[in-house]
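Residues per chain, in single letters:
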Amino acid sequence: LEIKTEDLDKTKKNLSEKILPEKVSYNDFKYMIGPGDVLNLNLYGAPEFSGKYNVLNDGYVNLPIIGNIKLVDMSIEEANIYLEKKYSKDLLLPSLHLNLFELRPFNFSIIGEVAKPGSYIIHDSESTIYPTLVDGIQKAGGIIPSADLENVSIIRNFRSKGISSKIIANVNLIALLEEGDQSQNISLNHGDIIKINKSDNLTEKQYKLAKANLSPSRILVSVVGEVLRPVDIDIRSGST
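This structure is a prediction, so every number in the text was calculated from the model and none was measured. (Residues numbered from 1 in each chain as written. Predicted model: local features only at pLDDT ≥ 70, side-chain atom pairs only at ≥ 80, totals over all residues. Heavy atoms only, no water.)

Next up on the list: the overall build of the chain. Each helix and strand in the chain was counted, giving five helices and 13 strands. Counting over 240 residues, the chain shows a buried share of 40%. Restricting to contacts in the chain with at least 6 residues of sequence separation, those with at least 24 account for 59%. Per element, the accessible surface of the chain, about 13900 Å² overall, is 50% carbon and sulfur. (Helix = DSSP H or I, 4+ residues; strand = E, 2+ residues; numbered from the N terminus. Buried < 20%, exposed > 50% of the residue type's maximum accessible area, 1.4 Å probe, protein only. Contact = heavy atoms within 4.5 Å. Areas by Shrake-Rupley, 256 points an atom, 1.4 Å probe, with all protein chains shown as cover.)

This structure, assessed with the given rule, holds two salt bridges. Between Arg 104 and Asp 37 there is a salt bridge; the shortest N-O distance is 2.6 Å. Placement of Arg 104 in the loop between strand E6 (96-102) and strand E7 (106-112) and of Asp 37 in the loop between helix H1 (13-19) and strand E2 (38-43) is noted, with a sequence separation of 67 residues between them. Assessed through its relative accessible area of 0%, Asp 37 is described here as buried. For Arg 156, the salt bridge identified is with Asp 192, shortest N-O distance 2.7 Å. (Salt bridge = Lys/Arg side-chain N within 4 Å of Asp/Glu carboxyl O.)

As a further point, take the packing of aromatic side chains. Taken as a whole and assessed by the stated rule, the structure comprises one aromatic pair. Where Phe 108 meets Tyr 120, the ring centres are 5.9 Å apart and the plane angle is 25°; that geometry is what we call stacked. Of the two residues, Phe 108 sits in strand E7 while Tyr 120 sits in strand E8 (residues 118-122), which places them 12 residues apart along the sequence. Taken individually, Phe 108 and Tyr 120 each receive the classification buried, so the pair is uniform in this respect. A cation over a ring is seen here: Lys 52 above Phe 101, with NZ or CZ 4.7 Å from the ring centre. (Phe/Tyr/Trp six-rings, centres within 6.5 Å; stacked < 30°, edge-to-face > 60°. Lys NZ or Arg CZ within 6 Å of the ring centre and 35° of its normal.)

Our next topic: the confidence of the model for the chain. Averaged over every residue, the pLDDT of the chain is 78; residues scoring 70 or more account for 75%. Taken as a whole, residues 7-25 scores under 50 in pLDDT and shows 29 contacts with residues more than four places along the chain or in a different chain. (pLDDT = per-residue confidence, 0-100.)

Before going further, it helps to examine the pairing of E8. Relative to E8, E7 runs antiparallel, the two being bridged by five bridges. The partner of Ile 110 across the bridge, within E8, is Gly 118. As consecutive antiparallel partners, E7 and E8 are separated by five residues. (Pairing = 2+ DSSP bridges.)

Hydrogen bonds between backbone atoms are what pair the strands of a sheet, whose relative direction is either parallel or antiparallel. The three strands lie next to each other as E3-E2-E6, forming an open sheet whose pairing is antiparallel. Because the sheet does not close on itself, it has two edges, and the strands there are strand E3 (51-54) and E6. Direction aside, neighbouring strands of the sheet carry axes that sit 30° apart on average. Two strands pair when backbone bridges link them, and E2 and E6 are joined in this way by six bridges, in the antiparallel orientation. Paired with Asn 42 across the strands is His 97, a residue of E6. (Axes fitted to C-alpha atoms, helices over the stretch in contact; angles between N-to-C directions.)

Now for the pairing of strand E5 (residues 67-70). Looking at chain direction, strand E4 (residues 60-63) and E5 are connected through four bridges and run antiparallel. For Val 61, the partnering residue across the bridge sits in E5 and is Ile 69. Taking the residues between adjacent antiparallel strands as the criterion, E4 and E5 are bridged by three residues, where Ile 65 takes a positive phi near 75°.

Structure below.
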């Protein structure tokens, strides 16, 4: 992945440059806890208080012993460390393990060369498996033939030490489809923007790969002009 950083808050540009590295990895930006998530807390020092706890609309979680704690915009790792410090005031052994039990409805946007660009929500209350780039493209009806599979952009907002910023990753889907390179199939995060860029010079390889599972299985074609029955017809993708 080719990663670039760009500061969103112009008034904090100088401070941001001191905090953020020039080159970052998508793996450095973990899933951020938000309203609607369900957290699973294992409290080893007091197992009777272990259980599942909801993140409320205001970002707070009502936890045993320590009460309402704000965990919104923290990663799971950050929340673990933060809660251990909080529990250390009341427990002799404040060891705990926090993990996601259920994801909140997952929202993202996709624009460019796809069948149905727009904003989407993925409801998956039975799993904590994060949707991936391929899932997002398929949700939008798949790519169209003019899509540049070697240049797909993902724009992600994040906060680092209180600074709002974004990263832009350029992904090569041909490497994924041709070589099975799963590192290109990035796990999405809430609020991601997927941009499928347009290719001005569509190669034969790109055309063939565009008929993989990234494209819709069926398409709508309008037949007009000097035919017996002008009509919109639903046909299999790849038909002649």
